[in-house]
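Structural overview for review
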Amino acid sequence: MAIDVARARAETPGCRNVAHLNNAGAALPPEPVLEAVVEHLRREAAIGGYEAAAEQRDRVEHAYDAIAALLGCARDEVAIVENATRAWDMAFYSLQLREGDRVLTTRAEYASNYIALRQVADRTGAALVVAPDDEHGQVDVAALEGMLDERVRLVSLVHVPTQGGLVNPAAAVGAACRAAGVPLLLDACQSVGQMPIDVAAIGCDMLSGTGRKFLRGPRGTGFLYVRRDLVESLEPPLLDLHAAEWQPDGSYRIRPDARRFENWETNYATKIGLGVAVDYALGWGLDAIRTRVYALAADLRRALDALPGVRTHDLGEERCAIVTFSVAGRPAAEVVAALVADGINVSLSPVSYSRLDFEHRGLDDLVRASVHYYNEVAELDRLIDRVAALG
Ligand SMILES: Cc1ncc(COP(=O)(O)O)c(C=O)c1O
């Protein structure tokens, strides 16, 4: 079923104010998400925070079922946390790396993940090794496969990078990791919500995601999936009385499900809102969302590449909703500022967010325009006209 764009826009209050092409930053939430969050905040104010959480327990718990349905996993394999970075960190810092161990990453690696990888490598003497790209600019699966030996304790793969339309071949990497018995941690922060994600089909053992980007959920929400047979072998780097229980003999027992990666105090309103956002995405259908956003982005790339002095920089055989480009002679920050001043929300992709890729390609900061299914062609045309005037 094709997306009913008129309905999508009518249900998105922000569409009345801006041409929002910063969906890879934070998408505009739909009315039901906004209502759910505000309604819960009102209940907290009306009857008390703990009391509102107890009253709305089913809605809070539903967020786990919604994420499980989105990813094709079980609810006890899901932790809901503050953002994708914290989700990723909780999985990564649970690994006990030692000197001689290796972690494989790729050129699409995101700065926060890389910094954590570097910190642990520096602390432990483990090696951080970067797998090369293939001729399409996506991870070279055959080369990565050849690097999977008994020293490799983890493969860290960014599904869709912050700086472009590349969709890394996650299922092929998953198959290689499965065959080698090496866990795969997939950063699905930019892919979840814009395409179907099935953890079993991909073959990833852990996956991190965020609420505010293509899922259109509230800010400050994220989640972690950990495959059930792995959960109990991962000791979270931080524990509290939600993740573990203090025993009468003075010891503690870590809970057996993925909520061991959460902490006790949390934002109930946004947790409910995240569940509503996931239901809302599933209501449209992730296949239909993917079809529309890929097509809009492909048209945008074609139009930008046709402008003198303008070049897009998206890699990979499969390209998604993120479009990055440069305008000759204009710093990217200046282009972003000009577009934002005209009510066209785009963002900056700085070199420091993904150095392995930017430096390998010799690129400077880029302008990022990221579409969603509620964007209309007229908004893309406005962007194209404005960029043409700058070029
Ligand atoms: C590829 C990628 N991974 C991880 C993150 C971090 O997500 P969060 O800000 O929710 O922690 C981002 C954020 O832009 C991202 O683009």
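Right above here is the structure, for reference.
Residues numbered from 1 in each chain as written. Predicted model: local features only at pLDDT ≥ 70, side-chain atom pairs only at ≥ 80, totals over all residues. Heavy atoms only, no water.

Quick look at the site of the ligand now. The full set close to the ligand counts 13 residues, and Thr-85, Asp-187, Thr-210, Arg-212 and Lys-213 are the nearest of them. With respect to the ligand, the side chain of Thr-210 contributes an N or O atom lying 2.7 Å from an oxygen atom. Contact between the ligand and Arg-212: an oxygen atom at 2.8 Å from a side-chain N or O atom of the residue. Bound to the protein, the ligand loses 91% of the 390 Å² it would expose on its own. (Near = heavy atom within 4 Å. Polar contact = N/O pair within 3.5 Å; in protein donor to acceptor, adjacent residues only side chain to side chain. Areas by Shrake-Rupley, 256 points an atom, 1.4 Å probe, with all protein chains shown as cover.)

This part is about the side chain of Ser-370. Along the polypeptide, Ser-370 turns up in strand 15 (residues 366–370). With a relative accessible area of 0%, Ser-370 lands in the buried category. In terms of polar contacts, Ser-370 uses its side chain to reach the backbone amide nitrogen of Ala-24, at 2.8 Å. Aside from chain neighbours lying at most four places away, what touches Ser-370 is His-20, Leu-21, Asn-22, Asn-23, Ala-24, Phe-214, Ala-321, Ile-322 and Asn-375. (Helix = DSSP H or I, 4+ residues; strand = E, 2+ residues; numbered from the N terminus. Buried < 20%, exposed > 50% of the residue type's maximum accessible area, 1.4 Å probe, protein only. Contact = heavy atoms within 4.5 Å.)

This part is about the sheet that holds strand 4 (residues 127–131). Pairing between the strands of a sheet is mediated by backbone hydrogen bonds and can be parallel or antiparallel. Spatial ordering of the open sheet is given by 2-8-7-6-5-3-4, a layout of seven strands whose pairing is mixed. In this open sheet, the two strands that pair with only one neighbour each are strand 2 (78–81) and strand 4. Averaged over all pairs of adjacent strands, the angle between strand axes in this sheet comes to 20°, irrespective of strand direction. As defined by bridge partners, strand 3 (residues 102–106) adjoins strand 4 across five bridges and the pair is classed as parallel. Note that in strand 4 the partner of Val-103 across the bridge is Leu-128. (Pairing = 2+ DSSP bridges. Axes fitted to C-alpha atoms, helices over the stretch in contact; angles between N-to-C directions.)

As a further point, take the pattern of salt bridges. One side chain can pair with another of opposite charge once the charged atoms of both are near each other. One pass over the full model with this rule turns up 24 salt bridges. With a shortest N-O distance of 2.9 Å, Asp-101 and Arg-153 are connected by a salt bridge. Taken together, the positions of Asp-101 in the loop between helix 5 (84–92) and strand 3 and Arg-153 in strand 5 (residues 152–158) put the pair 52 residues apart, joining distant regions of the chain. The shortest N-O distance in the salt bridge between Arg-255 and Asp-257 comes to 2.7 Å. A relative accessible area of 23% places Arg-255 in the partly exposed class. (Salt bridge = Lys/Arg side-chain N within 4 Å of Asp/Glu carboxyl O.)

Attention now goes to the environment of Tyr-110. Position of Tyr-110 among the secondary structure elements: in the loop between strand 3 and helix 6 (111–124). Residue Tyr-110 is classed as partly exposed on the basis of its relative accessible area of 25%. As a C-alpha pair, Tyr-110 and Met-147 span 37 residues in sequence and 21 Å in three-dimensional space.

The subject of this paragraph is the nonpolar core. Most often, soluble globular proteins keep nonpolar side chains buried together rather than apart. In this structure, Leu-71, Val-155, Leu-207 and Phe-325 are the most contacted members of the largest nonpolar core, which totals 90 residues. With nine residues, the top contributor of residues to this core is helix 12 (residues 286–305). Ignoring anything within four residues of it in the chain, the contact list for Leu-71 reads Val-192, Ile-197, Asp-198, Val-199, Leu-207, Phe-223 and Tyr-225. By size, the runner-up hydrophobic cluster in this structure holds 26 residues, among which are Trp-88, Ala-91, Leu-117 and Val-226. (Core = buried A, V, L, I, M, F, W, Y, C linked by side-chain atoms within 4.5 Å.)

This part covers unusual backbone geometry. Unlike most non-glycine residues, Arg-216 shows phi in positive territory, near 65°. With respect to the helices, strands and loops of the structure, Arg-216 is situated in the loop between strand 7 (206–210) and strand 8 (222–226).

Moving on, we get to a nonpolar patch on the surface. On the surface, Tyr-50, Leu-241 and Trp-264 cluster together into a nonpolar patch covering about 400 Å² of accessible area. Looking at the element boundaries, Trp-264 is found in the loop between strand 10 (252–254) and helix 11 (268–284). (Patch = residues over 30% accessible without salt bridge, like charges linked within 9 Å, V, L, I, M, F, W, Y side chains within 5 Å.)

Here we take up the pairing of strand 7. Consecutive side chains along a regular strand alternate between the two faces of the sheet. By the criterion of burial, strand 7 is predominantly enclosed, with five of the five residues buried. Residues Met-206, Ser-208 and Thr-210 of strand 7 are buried on one face, and the alternating residues Leu-207 and Gly-209, pointing to the opposite face, are buried as well. In the sheet, strand 6 (residues 184–187) pairs with strand 7 via three bridges, with the strands oriented parallel. Bridge pairing in strand 7 links Asp-187 to Ser-208.

It is worth spelling out the packing of aromatic side chains at this point. Scanning all chains against the criterion turns up seven aromatic pairs. When the centroid spacing of 6.0 Å and the interplanar angle of 80° are considered together, the rings of Tyr-280 and Trp-284 count as edge-to-face. Linking Tyr-280 with Trp-284, this pair stays in helix 11, spanning four residues, or about one helical turn. The buried category is assigned to Tyr-280, whose relative accessible area is 11%. The class of Trp-284 is buried, set by a relative accessible area of 11%. Measuring from centroid to centroid gives 6.0 Å for Tyr-373 and Tyr-374, while their planes differ by 70°, and the two rings are edge-to-face. Taken as a pair, Tyr-373 and Tyr-374 share a single burial class, namely buried. Through a chain of ring-to-ring contacts, the aromatic side chains of Tyr-280, Trp-284, Tyr-373 and Tyr-374 assemble into a single cluster. Here Arg-7 stacks its cationic end above the ring of Trp-284, 4.1 Å away from the centre of that ring. Geometry around Tyr-64 places Arg-259 over its ring, the cationic atom sitting 3.6 Å from the centre. (Phe/Tyr/Trp six-rings, centres within 6.5 Å; stacked < 30°, edge-to-face > 60°. Lys NZ or Arg CZ within 6 Å of the ring centre and 35° of its normal.)

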